[in-house]
Structures are given as structure tokens and as C-alpha cells.
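Tertiary structure, described
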Amino acid sequence: MKIKHLLIISLGGIFLSSCVYVGVMEIKTPPDINLQIVQNSGVMKITTTGSRKCRVENQGNGCIHIDAGDMGLIVFKLSAQPAWSLKEIEICKGNTNENKDCNLNVWERMEFSATDDIGSKILLPNANGVIHLKPLSEDLVKFILLDQNRIKQEYYYRVQACNSDTGECLWADPPIENGGMGGRGGGGHD
């Protein structure tokens, strides 16, 4: 009797597990986001062309589009005089500075993490969507952002670089379009 029940339970488990889709998310590496301080202008510009997959209003200015079912490893590189370094990144829901919502719940915060080339530390956004990059290096000119892309959402984010000699800080703000997990438990399809 016990063997019969065990056999029925096992077959039922096999049947149910065959109905569940377990997806594999690929890690994509979009083009690096290159940031350049324009000398004596008070401007940090993005020199990376945006993805052609981005919506028309987001194309240009370094827009990154992560397809449904993929994760993104996004590399940020600063080109500037030695006094300049990357200090923080702010990640908000929305697509412009005017409509951004930077109050991220714990699940939205876990969508993103930042590290350096060697992965010495992992930094997560705080409740206001800010990742302070100083723990990675005082003179940081390159960092990697992991976008897990589990939630279908358009993110407005901006990166800050500061000059240690003058105290001047500048921002650049390329958009991210997340396709989410598609039909695999996250957001919908594009």
C-alpha cells in the first residue's frame, strides 16, 4: 500500500513539474556607457549611442534596452581629468526627471547592484534609489551595474561624477528599458 501511494505521488510530482517552465535568463552586455566631462562647460555628456530597440523618445543619449528574459551587465566608464571620479548612481521608476519616483521597495532595489571590475564589493540601492559608489574606490572611473530585469519597468537613472579639487559635481542621465521576465513570472511582453 505504501509503495502504491509513493508511486502515485512520485508520478504526480513528475507530471506537475513537467508543466512548470523553468527559464534560463541570459546575461547580455550592452555597449559600455561612456561618460565624458566636457572641459570648462559644466557638462557631463554620454557619448554612447542608444540601442535601436529603445523607444523613439529614448533613442540616443545612451539608452539601454534589456529584452524580456535577459539580464544586463552595464559598464559605465568616465573619461575626464584625474580629479574627476564617479560618486553615485540614482535609479528611479519613470522615464524623465520630472516624473521619476525614486522610492523603491525592497524588490525593486534588488533589481540592481553595482560592483567594480574585480567584484570586490556589491552595492545595492538604498530606499531612495541611490547607490553610493565611494566604497568601490575614491577615484572610481569605471563600474559595472547588474540589471536583473525581473520587473517590466522603464527606469530613469542618472550617474554623478565629482571633481575632488573643486567640489563640482555633474550628472548624466541615460534611460533603461526593462522587458522583465516576460511570461515567466515577471512583467508582460514588450
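Values in this document were obtained by computation on a predicted structure and should not be read as measured data.

1. Here's the deal with the overall build of the chain
- For the chain, the count of helices and strands is two helices and twelve strands.
- Along the chain, from the amino end to the carboxyl end, the secondary structure elements read α-β-β-β-β-β-β-α-β-β-β-β-β-β.
- A total of 190 residues make up the chain; the buried ones form 41% of that total.
- The contacts in the chain between residues at least 6 apart in sequence include a share of 68% that link residues at least 24 apart.
- For the chain, the exposed area adds up to about 10600 Å²; of that, 56% sits on carbon and sulfur atoms.

2. What about the nonpolar core?
- Formed by 30 residues in total, the largest nonpolar core has its most connected members in Leu 35, Phe 76, Ile 89, Phe 143 and Leu 145.
- The contact partners of Ile 89, leaving out residues within four places of it in the chain, are Phe 76, Gly 129, Val 130, Ile 131, Leu 133, Phe 143, Leu 145, Tyr 157, Arg 158 and Val 159.

3. A look at the state of the cysteines
- For the structure shown, the criterion picks out three disulfides.
- The disulfide partner of Cys 54 is Cys 63, and the S-S distance across this bridge is 2.0 Å. Handedness of the Cys 54-Cys 63 disulfide follows from its S-S torsion of about -90°: it is left-handed. In this structure, Cys 54 and Cys 63 share a single accessibility class: buried.
- Two residues share a disulfide in this structure: Cys 162 and Cys 169, whose sulfurs sit 2.0 Å from each other.

4. What about a nonpolar patch on the surface?
- A cluster of nonpolar side chains, namely Val 106, Trp 107 and Met 110, defines an oily patch on the protein surface of about 320 Å² accessible area.
- Tracing the backbone through its elements, the reader meets Val 106 in helix H2 (residues 106-109).

Reading the values: the criteria
Residues numbered from 1 in each chain as written. Predicted model: local features only at pLDDT ≥ 70, side-chain atom pairs only at ≥ 80, totals over all residues. Heavy atoms only, no water. Helix = DSSP H or I, 4+ residues; strand = E, 2+ residues; numbered from the N terminus. Buried < 20%, exposed > 50% of the residue type's maximum accessible area, 1.4 Å probe, protein only. Contact = heavy atoms within 4.5 Å. Areas by Shrake-Rupley, 256 points an atom, 1.4 Å probe, with all protein chains shown as cover. Core = buried A, V, L, I, M, F, W, Y, C linked by side-chain atoms within 4.5 Å. Disulfide = S-S within 2.5 Å. Patch = residues over 30% accessible without salt bridge, like charges linked within 9 Å, V, L, I, M, F, W, Y side chains within 5 Å. Salt bridge = Lys/Arg side-chain N within 4 Å of Asp/Glu carboxyl O.

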